[in-house]
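Take a look at the letters that make up each chain.
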Amino acid sequence: MPLLIKNGRIITATDDYKADIYCADETITRIEKSIDAKRLPKSTEVVNAAGKYVFPGFIDPHVHIYLPFMGTFSADDYESASKAALAGGTTTFIEMICPGPKDDPWEAYQLWRSQAKKKAAVDYTYHMSIVRFEPKVRAQFAKIVKDGVPSFKVFLAYKGALDLSDEHLFAAMTQAKSLGAIVTAHCENAEAIDAMQKQLLAAGKTGPEYHGVSRPPVVEASGVHHLCSFASLTGAHVYTVHTSCEDSVQEALNARYRGVDVWIESVAPHLVLDESFAALPDFEGAKYVMSPPLRAKHHQNVLWNGLRSRAISTVGTDHAPFTPKQKEMGKDAFTRIPNGIPSIQERVDLLHTYGVMRGRLSLNAMVDAGSTQAARIFGMYPKKGTIKIGSDADLVVYDPKAKGTFTKSDSYSKADYCAYDGWERLGRATVVTVRGQVQAKNGKFVGTIGRGQFIRREATHG
Ligand SMILES: [Zn+2]
């Protein structure tokens, strides 16, 4: 059905102007000062956006939906995660494919792809994790890049489970460079964490409040330094996921000034939640366990300022939904608490409420960090991430005056809790479209499950 969005204030990463947008089908076909609805096909759906912003659909570059963890699985599927994303204004996400060390990469890729079939309502793509890089599997990664997934994920953390040896890391980065793929990385030193976790548990310090103690900022900063050193040697382009603290941001910026092609991602929880949440009594803190952990509050200013100056490129979520019941796996040892703070639905409103409305972020910077940069870095621009003729008609009509609170009852995630429950929310996506079709209205999913498409991306990091 054709779509006309009238009288909105269009905000992109660089522009801010009033115009009407017409989408004849799945892409934006006209952007003009005034488009007369009477001269359009009768079937045209007209959305009046007077007094509202029109943003490009937001992109979450870091989510987990299908995620095995110590014998359990994360709570969402593509249906619930799509609904949550769309209700909050996110129209595209990038999921991490996280196989175990023994799994065959190509089979894992197919398994993750199959999870989205008939269930996705947003457009989606993946980062392919490399947990082992033996010569015999290397050709499979080239095949995955060719299939439209030119971004890898490596873990320097999680000793004995996901962490990659330096030998394999170096080889993987060398291959990524030759394929033009970018290497996204979880930068925490696995050995240091493992040693400190053992010390803490041996001392009877088993509660969720010790999770952060076992992985302080220096552990993350040293991981960033290590990754960037290998990037300078191999020429690979790298992206530090969920960069949580000043120490790591500085390491990445120092590397950038040395000529390393490094991009920095922050995630919503680190921008607004601090370490005191992980120390909440009665095991409540387990809801706030993620890695890297929530930090001391002063790090938040560095992250916001990094976004404002655009030194930090993106804001994702690291959405990893585990229920409070599942978190109880770590009742006797914080090392067994499933990691993750579900945020896929709240991210855009958190950016607006605690970024834009607090004067920390311009609207343009919000769009850049929440959408445009992810599209550019991961080879989807200008199909995604902007409002241009020819771009996909992924649009968010956003009412900055819609006041409310974040609540569990509004949440589509199956995590069974809202990490921001009761917090003030200023603004809301009132109409959300994916390729020209309205998929959510006023925080409610109204679209079609199964409509979401896999996005085939180009390798641009050679
Ligand atoms: Zn993650």
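Here's a quick rundown of the structure. (Residues numbered from 1 in each chain as written. Predicted model: local features only at pLDDT ≥ 70, side-chain atom pairs only at ≥ 80, totals over all residues. Heavy atoms only, no water.)

Let's shift gears to the pattern of salt bridges. Evaluated as defined, the whole model comprises 23 salt bridges. Across the pair Asp123 and Arg435 runs a salt bridge, and its minimum N-O distance is 2.8 Å. Of this pair, Asp123 sits in strand β10 (residues 123-129) while Arg435 sits in the loop between β17 (424-434) and β18 (437-441), and the two are 312 residues apart along the sequence. The pair formed by Asp123 and Arg435 is uniform in burial state, with each residue classed as buried. Linking Glu188 and Arg215 is a salt bridge whose minimum nitrogen-to-oxygen distance equals 2.7 Å. Note that Glu188 is positioned in the loop between β12 (182-186) and α5 (190-202) and Arg215 in the loop between α6 (209-213) and α7 (217-234), a separation of 27 residues in sequence. For the pair shown, Glu188 and Arg215 are each scored as buried. Beyond isolated ion pairs, a larger network of salt bridges with shared partners links Glu26, Asp123, Lys383, Lys384, Asp392, Asp394, Arg435 and Arg451. (Salt bridge = Lys/Arg side-chain N within 4 Å of Asp/Glu carboxyl O. Helix = DSSP H or I, 4+ residues; strand = E, 2+ residues; numbered from the N terminus. Buried < 20%, exposed > 50% of the residue type's maximum accessible area, 1.4 Å probe, protein only.)

Glancing now at the nonpolar core. Residues Phe55 and Tyr420 are the most contacted members of the largest nonpolar core, which totals 122 residues. Broken down by element, this core gets its largest block of residues, 8 residues, from helix α13 (residues 363-377). Look past the residues within four positions of Tyr420 in its chain and what remains in contact with it is Ala268, Pro269, Val272, Leu273, Ile341, Pro342, Ser343, Glu346, Leu350 and Phe406. (Core = buried A, V, L, I, M, F, W, Y, C linked by side-chain atoms within 4.5 Å. Contact = heavy atoms within 4.5 Å.)

Here we come to the environment of Asp349. Mapped onto the elements, Asp349 comes out in helix α12 (residues 347-356). By relative accessible area, which is 6% here, Asp349 ends up buried. Separated by 220 residues in the primary sequence, Asp349 and Ser129 have C-alpha atoms spaced 29 Å apart. Apart from residues no more than four positions distant in its own chain, Asp349 is found in contact with Tyr398, Phe406, Arg425, Gly427, Arg428 and Ala429.

Quick look at the pairing of strand β16 (residues 395-405) now. As paired elements, strand β5 (residues 53-56) and β16 share 4 bridges and run antiparallel to each other. Following the sheet pairing, Phe55 is matched in β16 by Val396. Pairing analysis gives 8 bridges linking β16 to β17, with the strands arranged antiparallel. Within β17, the position partnered with Tyr398 by the bridge is Ala429. (Pairing = 2+ DSSP bridges.)

Here the focus is α12. Most of α12 is tucked away: 10 of the 10 residues are buried. When α12 is considered as a whole, its buried residues turn out to be Arg347, Val348, Asp349, Leu350, Leu351, His352, Thr353, Tyr354, Gly355 and Val356.

Below, the discussion takes up the packing of helix α3 (residues 135-146) against helix α4 (residues 166-179). When two helices pack together, their arrangement is given by the angle between the helix axes and the distance between those axes. Interaxial distance between α3 and α4 falls to 11 Å at its minimum, and their mutual angle equals 35°. Here α3 and α4 pass one another in a crossing that is right-handed. Residue-level inspection shows Arg138, Phe141, Ala142 and Val145 of α3 in contact with α4, the latter providing Ala171, Gln175 and Leu179. Taken together, the residues that form the contact of α3 with α4 break down as 5 nonpolar, 1 polar and 1 charged. (Axes fitted to C-alpha atoms, helices over the stretch in contact; angles between N-to-C directions. Left-handed = near helix turned anticlockwise from the far one by under 90°. Nonpolar A, V, L, I, M, F, W, Y, C, P; charged D, E, K, R; others polar.)

By themselves, these observations are geometric and do not establish any function.
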